[in-house]
Amino acid sequence: MARGRIRARLRRSHLYTFSCLRPSAAEEGPHSIEGPGYSRIVHCNQPLMHNKKPFKYRSNYISTTKYNFVTFLPKALYEQFHRVANLYFLGTAIISVTPLSPFSAVSMIAPLAFVVGLSMAKEALEDWRRFMQDMKVNTRKVKVHKEDGIFGNKTWQKVQVGDVVKVEKDQFFPADLLLLSSSYEDGICYVETMNLDGETNLKVKRALEVTLSLDEDEAFKNFTGTITCEDPNPSLYTFVGNFEYDRQVYALDPSQILLRDSKLRNTTFVYGIAIFAGHDSKVMQNATKSPSKRSRIERKMDYIIYVLFSLLLMISLISSIGFAVKTKFYMPDWWYLQPQHTDDYYNPEKPVLSGVSHLVTALVLYGYLIPISLYVSIEVVKVLQASFINQDIQMYDEETGNPAQARTSNLNEELGQVDTILSDKTGTLTCNQMDFLKCSIAGTAYGVCSSEVELAAAQQMAIDLEDQDAERSTGSRQKGKQQEIELETVVTSRDEKDHKSPIKGFSFEDSRIMKGNWLREPNADVIMLFFRILAICHTAIPELNEETGSYTYEAESPDEGAFLVAAREFGFEFFKRTQSGVFVRERYSVAGQPIDREFKILNMLEFTSKRKRMTVIVRDEDGQILLLCKGADSIIFDRLSKNGRLYEEDTNKHLNEYGEAGLRTLALAYRKLEESEYSAWNNEFQKAKTSIGADRETLLENVAEMMERDLILIGATAVEDKLQKGVPQCIDKLAQAGLKIWVLTGDKMETAINIGYACSLLRQGMKQICITANSSDAKETLSLFVTVQVVKENILMQITNASQMIKLENDPHAAFALIIDGKTLAYALEDDMKQQFLGLAVDCASVICCRVSPKQKALVTRLVKEGTGKTTLAIGDGANDVGMIQEADIGVGISGVEGMQAVMASDFSVAQFRFLERLLVVHGHWCYKRIAQMVCYFFYKNIAFGLTLFYFEAFTGFSGQSVYDDWYMLLFNVVLTSLPVISLGVFEQDVSSEVCLQFPALYQQGPRNLFFDWYRILGWMGNGLYSSLIIFFLNIIIFYDQAFRSGGQTADMAALGTTMFTCIIWALNCQIALTMSHFTWIQHLFIWGSIGTWYLFLFVYGMLSPTISGNAYQILVEALAPAPIYWSATLLVTVACNLPYMAHICFQRCFHPMDHHIIQEIKYYKKDVEDQRMWSRERSKARQKTKIGFTARVDAKIRQLRGKLQRKHTSLEMHSPVTPS
Amino acid sequence: MDTNGATTSSAAGGGSTSTSDSSLLSKKNSKKPQYSRFTQQELPACKPILTPGLVITTFTIIGIIFIPIGLVSLSASEHVVEIVDRYDEGCVPPNYSNDKLAYIQSSRTNKSCTRTLSVPKLMKSPVFIYYELDNFYQNHRRYVKSRSDKQLRSKAYERETKNCDPQAVSLDAPIVPCGLIAWSLFNDTYGFFVKSKMLEVNKKNIAWDSDKEHKFGSDVYPKNFQTGGLIGGAKLNSTTPLSEQEDLIVWMRTAALPTFRKLYGRIEEDLQANEQITVVIQNHYNTYSFGGKKKLVLSTTSWIGGKNDFIGIAYITVGGLCLFLAVNFILLYVIKPRALGDPSYLSWNRSPAGNPN
C-alpha cells in the first residue's frame, strides 16, 4: 500500500501532452439531455432508490443460458420438433397407437423418444455448462460501499445500479462504472480492454476534476449525486450523460466510463459508480444470441430427406390408389375376405375412405425410407467423433494443461469443409509478448538470434534444397549439404539460447555489446546514446520486485516494456520516475562503477497513431538539452538533418531485413538543443497547450512538429511480436491445404502488418493494397452528408482501381494483399459496396483488417460466409471475438487464456492456434469423409430395405401387409445394420493421420465436397434401388410356387420373408465392407457380428414360444437351414447386389484413381519406405497453389534467385558462346 | 515425462514444497488425455486395397464357383418331373360354362370331375400332390390377421378371438378355429387311379412338425365351425384335434404370393413313364367368383426342391458376368496399364495447372 501511495503522488497527466489534457468543465458545459433515449437516472450511493419504479433497473446478474428449469421442457421440445423429420416421426408415433398402424406402437415410439431424448440431454448439458460459467462470473467478489464509508465484499450479482464500487489492480470491472477517482492524484487510471476490442495497448481513463477528492473510503460517507444519461446501448465508444454533484451539472463523456469486463491495470485502485448493470452493460448489449449451427452436410441431408419424403409420399399414394381400386373393383369378388362384413377400412363401398386411411398406414409402413435411426446413429457417431477430438493427445497443450475440446459435436464434419479462416491476432496468432531481438546501431547490425520466421523459412529452405539436390547431379550435392549444415546450426543455436536466457521480453544475443562489451566497440558513444534513448523515451513506471531485487516495468504497450528490459540488460536500468525526472542506473560506464543518473523531463510528446513517433526532451546532468525520438522509420527518415544521415543507408538496409524477418521496427534519433532554441519553442508550446478551442490539438501537433526536425539517426530496433508456438508452420500448412486466411484485429495497422510478415501472410514483393478512408480530407468539407458521400466514393474508387490492377496483372506469381482499417471497413461493409469489397478481397492472397470492432468482425465474417457461400471458420481468444465466433460456420476459441468468453461461445476450443492444423486437416478430413460415407450408406440401406416392402405390397393387393416379421423390422435398424454403419462413421480412415498432415492437398476433398455431391448421393440411391429390385425379385422368383426343399413343402410368407431378410442383411453388410478401407477388429466384429447376430437371433427367436414368434417358430432350424436353396439364394442375391458397386469401384480405382487411392497403394506396397525420395518429393508437391505462408515465401525467393542466375547465365553465354565440354 | 516425475516425487512424500509443486503439476495435467491406441485412433488395422490382381482373382473365383453351382442346380431341376393340370374350367359342365359361379354355388350340381394325366417320365416316389391356386390373396392384410394363434394352441384360450372378425363367434359361442383363413379352407379332393387301381394318397406329415406339435393343440377340437349363415370352405371333423388336421395346418401357413401351391398329400409309389393316371376331383372350391385358376400338380423333388430352372440360370448368368468382367479387366490392364502407387497419377502431378481432381 505504501508503495502505491508514493506512486499515487505522480500527476501522470503532466506527462501527457495531447490526449490527456483536461478540458475544464466550464469549457463545454453539460450536455442537453432530454427526450427518448436519455431516460436513465442513477442516484449515486443510494442503491436503495433503485428498488422501485421507475428506477428499477436490471440487476447485475447475468445469464447466458437458453433455458431455465421451467422453460426447458417446452422450449427444448419445440426446438426438437422444429425439424421436419422429427415431426414426421412424431406423426407416425401417434398413428402407431391407432389400429391403422402396420407395426406395434413400441417400435415406433421408442426410437423417437431415444433421438429426442438424446438431443435434449445434450442441450441440457450444454446449457448447464453455460449456467456454471455464468455462476462463476456472478459470484466474483468486489468491494462495494455499504454505509458510513465502510466497504465490504459483495458478489457481482448483488451489485446494484448506484453502488459505489472499489476496484483494485488487475480486477475486472463488475459493471459499467463512472470513474470517480483513482489512486493517482489526478484521477486517471489505466484500463485494458482486451476482452472488449482486443486492443493490447492500455487505455487511459480520467475522472472529473470535482470528484477527485473522493479518493478514500471515508469520503463516501455522505456522498450523493445524480447521473442522467443515455439508455443502455451496445456502442462501446460513446457515452452521453450529465453528472449532478453539489448542485452543479457536469458533462460526462466516454473517458470517464469504465466498461464491464475490462480490467484495471497499473493503478492500485479506483472508485466508481455502477451505471449499467448486468445485461444493461455495454458488453452484454454487444453480445448476440448464440445461434444454433448446422453443418453443410446436415443441411443437404434435409434436402435428401425432402426427396425421400416425396418418394415416400409418391409410393404411399400409389399404393393407396392401388388399394382403393382393388377394394372397389376386385374385393367384392374375394369371398374369402367376406367383403360384405367389413369395417370401414376394407369397405368396398367406401373406397375413398379406405384409400385415405390406407395412406396413413402406408406412410408408416414405408417409413423405413426415412431412417429415424439415421438421426440416432449420427448423434452417436458425432458424440464419439467429438470424444476422439477431446482425447487427441497431440492437441493437448502441456503448458496450459488444456486438451482440445469439441464443445458442440454437430459440426465435426464441417471441419473438413472449411474454405476461409478468419483469425484474431492478439492471443491467437501472437502471445502478446514482445521480445527485443535485434538492433542496428550506427550502421552496424547487432543480434545473432533469428526470428521464428527466419527459422521456419530456413528449415523449409533446407528441405527444398535437399530435394533439388537430389534431382541434380551428385557433384553439386556436397555444396547443398554444406548449406544444410549451416542452416541447421542456425536452428540449433536458437535452441541453446532458449535455455540460456529466460528473460521475458529479451531474446537478444550478441557478445559485442552485451555485458558492457559495447565500450570496446568503435562507436561507443553512439551506442550509449542508443541505450539511453531506450531507457528514457517512454511512459512506463518501474516497480521493484522485492523478492528478486530487480525492476519490472508497467508499460502502456508491450513494445515499451521490451525496450526497457533490453536497456536494463544492456546496463541502463531505469529504476525511478518522478514528476519531473527519469532515473537511470548505468552499470557499465567508462569509470567502471554503476552510476545513477537523473534526466529531467522537460517535455513529453507521446505516441499517437497519427504521429507514429514519440519524443522526450530532457536535460541531462551536464545541463545539455536533448531531444530523443523514436518512431516509425519513414517518419524519422523524413525528419533527419543533413548531417544526421550518416547511417541512413545501412540502417535502412537493416530495417528492410528486419521487416523481411517479420520484426517490428522503430528508428531512433536524437537532437541536441540549445538553451535559447528550446525556451523559444517551449513558450510557444505552452501557449498552445493553454489555448482554448477545438483546434487545440492540431495546434499542439504543429508546434511539436516544429521541434521534431533536424534529427540525427542513431539506429533502429527490431522487436519480435512473439508468435505463438508453431503459428507460421501452421499457417503454411493451412495455406497448402488450400485455405484462405484473413486476419481481423483490433490492433493498429502497423502492428497488423508486422504480424502479417511474421506469419508469412505478407512478404516482400507482395503488392499491398491499402484501402483507407482519408478522413483529413473529409474534415474540411462542412456538410456531414456530403462527407460520407465523398469518402464512400473515394473508397469505392480505391476498390475498383485495385480490382482492375489485379485483373491486368500478367505475372502468375504476383500476389496481392489487402489491408483495410476499421473506419474504412465501416463504409465498405455497407450494402452498396460490400460486393465489390468482397470481390477484391477474394482475389487477394491475404486480407488483413485492422482496428476493427467486435461487431465489424462479425459483419466481415457474415459477408464472407454469405458472399462466397463457402464454409468459414473464425478463431479467437477474447470477448471481442465472440461475435465473429458465433457468426462463422465454425467458431473456434483459444482456451487457456484468462477470459473464457470466446471459448464459451465457440464450437471447438483448442489451446493454441497451431492445433488448428490437426483439427482441420486430420479430424476435419476424417469426420467429413466418415459422415458423408455414412449418410450415403444410410440412404442406400434404407432405400434397399424400404422398397422391398413396397414391391411386396403390389403382390398383396396393396393391403398393407408386410412380408417381414415385426421383430425383423424393429431389429433391422436397431441391431442388425446400425453397428457397422456406426463403426464406419467412427473408425473409418482413408489415410492415416500422418499422411493427412503430410499431404495437405488431400484436405481439398472436403471443401470441394467430393464425397457428398448429388452425383454421389444419387449414385448411392440408385444402388439402393438396384439392390431392392435384386433382393426382392430374385427371391420371389426362386421361391415362386414350387417346393423349396426335398421334403416337398412350399414356401409360405414366413419362409420367403426370412430368406429375403437374410439376403438383405448379407447384402447390406457386404456392401459396407466394400465401402470401408480400414478394418480394425472393431469393424470386423461389427460387420460379421451383425450377420452372426441375425442367425443367432433367428435361432433364439425360433426357440421362443410360438405365441411370441408366430410363424417364425423354429423357422431356421426346421424349415430353412436344411434347405440348400435357402443358402444358395443368399449367396446369389448377395453377390448380385454388390456386383455393380464392386465393378464400379474397381473401375474407378484402376482408371480414375483419387489421391487417397494412390497414397493407399503407395503405403500398401511400402513404396514410401523403399523410395523415400519419391515420397518426400510428393509430399512437397502435395499442396495447393498458395501465395501465402513461408513456403510460398521461399518459393518466391528461389524464383527471384533463379531469375538472377538466368540473367547471369545468358549474359555469360553472350560473352563466351563456345564452351569446351 | 513430467507426470512421471510428479508421481514419483509425491509418492516419495518429500518436502512440503515439492509435494505442492507436484500436486499443482498433476492438477494441471489432470486434463491430459490418456494415451491408448484406441483413443488416438491408431488401432492396428488391415487396409485391403483393390489391386488389379485381387480384382481379377475375385471376379474369376466368383465366376468359377457360380457356374458349376448353376449347372448343378439346373441338372437337379432337370431331374424333377412335374405334371400340372389346370382343371377349374374343364370341370365345369358345358351347360354351366357361362355361369360357373352358379354351378359352384349350387348344392345340387354334380361336383365330380374326372381328369386324365399322363406321366412323361418315371416319377420316383414320393410323388408330391399339390393344389395350386391363382389370384387368391392369402397375403391380404385382412386375411393374414384373421386368426388366433392362442386359440389354435390351447383349449384354454378358446375365447381369444380378437382378430377373427367376422368369423369370431357364432351365436355368442366362439368359433374354433376362428378367422377367415380357417373358414376359407380349401375343400377340393382328389382320388388317383392307375389302370383302375386306386393309388394310396398319404396325407400324413404334410405339415411342419413344429406346427403340429406346438402350434396346433392336441386338445383343441373344432367347434361351431362352418355353422354360421355363410359357408366358406371345408368342414372339419369335430372329433379330430386340430393338431391332426394337417390340411388345415398347411392352409393356415399363408402363402406369400397370390399364386401358390400347397401340399395335398404324397403318393408313395413310383409312377412309370407314359402311365395314364385318372384323377377324380371333387370340385367344391370356389375360385370362379374372382377368376382364379385351380391346378393339380404332381411333382417329384430333388435337393433344390421342385422344378426350378431359374436359380441355375441366375447362377450361370452372374458367374458368366463375373468372368466377363474379369476378362474385361484383364484386357483393360493390358491396354492401359497403371502401376500401382504410381505417383504420377496424383492429382497434383496430373494437372500441371495445380487443379487437383
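Residues numbered from 1 in each chain as written. Chains lettered and ligands numbered in written order. Predicted model: local features only at pLDDT ≥ 70, side-chain atom pairs only at ≥ 80, totals over all residues. Heavy atoms only, no water.

## Focus on the sheet that holds strand β27 (residues 740-744) of chain A
Residues and elements named next belong to chain A. Across the sheet, which stays open at both edges, the nine strands sit in the order β14-β33-β32-β31-β15-β27-β30-β29-β28 with mixed pairing between neighbours. Each edge of the open sheet is held by one strand with a lone partner, namely β14 (405-406) and β28 (767-771). As paired strands, strand β15 (residues 418-423) and β27 are joined by four bridges and run parallel to one another. Within the sheet, the bridge partner assigned to T420 lies in β27 and is K740. (Pairing = 2+ DSSP bridges. Helix = DSSP H or I, 4+ residues; strand = E, 2+ residues; numbered from the N terminus.)

## Considering the pattern of salt bridges
Should the charged atoms of two oppositely charged side chains come close, the side chains can pair. Residue and element names in this part refer to chain A. Within this structure, the stated rule accounts for 61 salt bridges over all chains. For R294, the salt bridge goes to D302, with nearest N and O atoms at 2.8 Å. One salt bridge connects K857 with D881, and the closest N-O pair in it is separated by 2.6 Å. With a gap of 24 residues between them, K857 in helix α25 (residues 854-868) and D881 in the loop between β31 (871-876) and α26 (882-887) connect regions that are remote in the sequence. Neither residue differs from the other here; K857 and D881 are each classed as buried. Several salt bridges share partner residues, and in doing so they unite R294, E298, D302, K382 and E413 into one network. (Salt bridge = Lys/Arg side-chain N within 4 Å of Asp/Glu carboxyl O. Buried < 20%, exposed > 50% of the residue type's maximum accessible area, 1.4 Å probe, protein only.)

## As for the nonpolar core
Ranked by internal contacts, the top residues of the largest apolar core, which has 149 residues, are Y964(A), Y968(A), F1044(A) and F59(B). Here this core gets 18 residues from one element, more than from any other, and that element is helix α28 (residues 915-955) of chain A. Membership of the second largest hydrophobic core comes to 70 residues, among which are W334(A), M123(B), F186(B) and W251(B). (Core = buried A, V, L, I, M, F, W, Y, C linked by side-chain atoms within 4.5 Å.)

## Quick look at the domain arrangement of chain B
Residues and elements named next belong to chain B. In terms of domains, chain B is made up of domain 1 (51-80 + 303-334) and domain 2 (81-300). For domain 1 versus domain 2, the distance between C-alpha centres works out to 40 Å. At the junction of the two partners, domain 1 supplies six residues and domain 2 supplies five residues. Summed over both partners, the interface of domain 1 with domain 2 buries about 320 Å², with 44% contributed by carbon and sulfur atoms. Applying the counting rule to domain 1 against domain 2 returns zero salt bridges. Here domain 1 is connected to domain 2 by one residue pair in polar contact (both at pLDDT 80 or more). Here the residues of the side of domain 1 that touches domain 2 are counted per class, giving one nonpolar, three polar and two charged. (Domains from an automatic or database assignment. Contact = heavy atoms within 4.5 Å. Buried area = accessible area lost by both parts, 1.4 Å probe. Polar contact = N/O pair within 3.5 Å; in protein donor to acceptor, adjacent residues only side chain to side chain. Nonpolar A, V, L, I, M, F, W, Y, C, P; charged D, E, K, R; others polar.)

## Considerations on the pairing of strand β10 (residues 248-252) of chain A
Residues and elements named next belong to chain A. With five bridges joining them, strand β9 (residues 241-245) and β10 adopt antiparallel strand pairing. Bridged to E244 within β10 is V249. If you look at the hairpin formed by β9 and β10, you'll find two residues sitting between the two strands, and D246 has a positive phi there, around 55°.

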